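# Residue-level structural notes
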Amino acid sequence: MKISELRNLCFEYELKDREILSLFSDDELEQFYNGAGPDSWKPEYRNKLTTAMSLFEPVVLIHDTQFFMSDGSTEGFKHTVDVWKENCKIIFNKKYPFWTTKIFSSKYRRERLYWRGVMHATIIAIATNSAKDAWNAAYKKRQNA
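The structure reproduced in this document is the subject of the present report. Think of each chain on its own: its residues are numbered from 1, step by step along the sequence as written. This being a predicted model, a pLDDT of at least 70 is required before a residue's local features are given, and a value of 80 or more before pairs of side-chain atoms are given or counted; all residues contribute to the totals for chains, interfaces and linings. Side-chain calculation: all heavy atoms of the structure are included, whereas hydrogens and water are not.

The next subject is the overall build of the protein. Numbered from the N terminus, helices here are DSSP runs of H or I no shorter than four residues, and strands are runs of E no shorter than two. The secondary structure content of the protein amounts to seven helices and zero strands. Radius of gyration here uses only the C-alpha atoms, and the compact-globule reference equals 2.2 Å multiplied by the residue count raised to the power 0.38. Computed over C-alpha atoms, the radius of gyration of the protein comes to 15 Å, within 12% of the 15 Å expected from 2.2 N^0.38 for 145 residues, which places it in the range of a compact globule. Referenced to the eigenvectors of the C-alpha coordinate spread, the extents of the protein come out at roughly 55 × 30 × 30 Å. Only protein chains enter the accessibility calculation, which uses a 1.4 Å probe; a residue is then buried when its area is under 20% of its type maximum, exposed when over 50%, and partly exposed in between. By the burial criterion, 39% of the 145 residues in the protein qualify as buried. When contacts within the protein are restricted to residue pairs at least 6 apart in sequence, long-range pairs at least 24 apart make up 71% of them. The protein chains shown are the only cover counted for residues, whose accessible areas, like all others here, come from Shrake-Rupley with a 1.4 Å probe. When the accessible surface of the protein is totalled, it reaches about 8800 Å², and 55% of it is carbon and sulfur. Note on definitions: a residue-residue contact is assigned when non-hydrogen atoms from the two residues lie within 4.5 Å.

Now the structure itself:
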């Protein structure tokens, strides 16, 4: 998905911390947005993960922007994790609400279950020690730039 489309989705969904995107042009965002997964992964692995969690790709854009602006603090990392959790829930609840007549469709329930699983898996992964290490590495990289 193009950066401009992702940016628009962040505002359409009214995601938390979407305003951070206004600090950068689409070209600038493309410089540090690399999809889901750590910078240390090969691009093909990040592409596969990004595809597998495409519903939440707008969340990834905000997350990568927060990491690009990392202050290296524990509080900053915690805020980033909290924003991820809240934004995933916003998208999930808007796209796959429980209280809808669609819930009677087995296809809808399967899709909802898949995206709920993706959401929970990423919420766990985003708060790990290795994610905190990546937060600190992003800060050091910015300091050395």
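Next up on the list: the packing of helix α1 (residues 3-12) against helix α4 (residues 57-68). Throughout, an axis means a line fitted to C-alpha atoms (over the contacting stretch in the case of helices), and angles, computed between N-to-C directions, take values from 0 to 180 degrees. At a minimum axis separation of 9 Å, α1 and α4 run at an interaxial angle of 95°. Classified by the interaxial angle, the pair formed by α1 and α4 is roughly perpendicular. For the pair α1 and α4, contact is made by Ile-3, Leu-6, Arg-7, Leu-9 and Cys-10 and by Glu-57, Pro-58, Leu-61 and Ile-62, respectively. An angle counts as roughly parallel when it lies under 35 degrees, as roughly antiparallel when it exceeds 145, as roughly perpendicular when it falls between 65 and 115, and as oblique in every other case.

Positionally, Tyr-114 belongs in helix α6 (residues 106-125). By relative accessible area, which is 41% here, Tyr-114 ends up partly exposed.

The next point concerns the nonpolar core. Counting 38 residues, the largest nonpolar core has Phe-56, Leu-61 and Trp-84 as the members making the most contacts within it. Mapped by element, the contributors of at least two residues to this core are α1, α2 (26-32), α4, α5 (74-95), α6 and α7 (129-144). The element contributing the most residues to this core is α5, with seven residues. In this structure, Phe-56 is in contact with Cys-88, Ile-91, Phe-92, Trp-115, Val-118 and Met-119, ignoring residues within four places of it in sequence. What makes a nonpolar core is a set of buried Ala, Val, Leu, Ile, Met, Phe, Trp, Tyr and Cys residues whose side-chain atoms join them at distances within 4.5 Å.

Here we take up α6. Helix span, as expected, comes to 1.5 Å for every residue beyond the first. Taking 1.5 Å as the rise per residue, α6 with 20 residues should run 28 Å; its terminal C-alpha atoms sit 29 Å apart, in good agreement. Among all positions in α6, only Tyr-108, Arg-112, Trp-115, Val-118, Met-119, Thr-122 and Ile-123 are buried. Seen along its axis, α6 keeps its buried residues to an arc of 130°; they face one direction. Set apart from the buried face of α6 by more than 90 degrees, the exposed residues are Arg-110, Leu-113 and Ile-124. Here the buried face of α6 lies against α3 (43-52) and α5. Directions pointing from the helix axis toward each C-beta atom define the arc.

On to the environment of Thr-122, then. Checked against the element boundaries, Thr-122 lands in helix α6. Spatially, the C-alpha atom of Thr-122 lies 22 Å from that of Lys-2, the residues being 120 residues apart in sequence. If sequence neighbours within four positions are ignored, Thr-122 has contacts with Met-53, Trp-84 and Cys-88.

Right, let's get into the pattern of salt bridges. Whenever a carboxyl oxygen of Asp or Glu lies within 4 Å of a side-chain nitrogen of Lys or Arg, that contact is scored as a salt bridge. The tally for this structure, following the rule as stated, stands at five salt bridges. Lys-16 is the partner of Glu-86 in a salt bridge, and the nearest nitrogen-oxygen pair spans 3.7 Å. Of this pair, Glu-86 sits in helix α5 while Lys-16 sits in the loop between α1 and α2, and the two are 70 residues apart along the sequence. When its relative accessible area of 30% is taken as the criterion, Lys-16 is described as partly exposed. Residue Asp-82 is joined to Lys-78 by a salt bridge in which the shortest nitrogen-to-oxygen separation is 2.9 Å. With Asp-82 and Lys-78 both in helix α5 and four residues apart, the pair spans about one turn of that helix.

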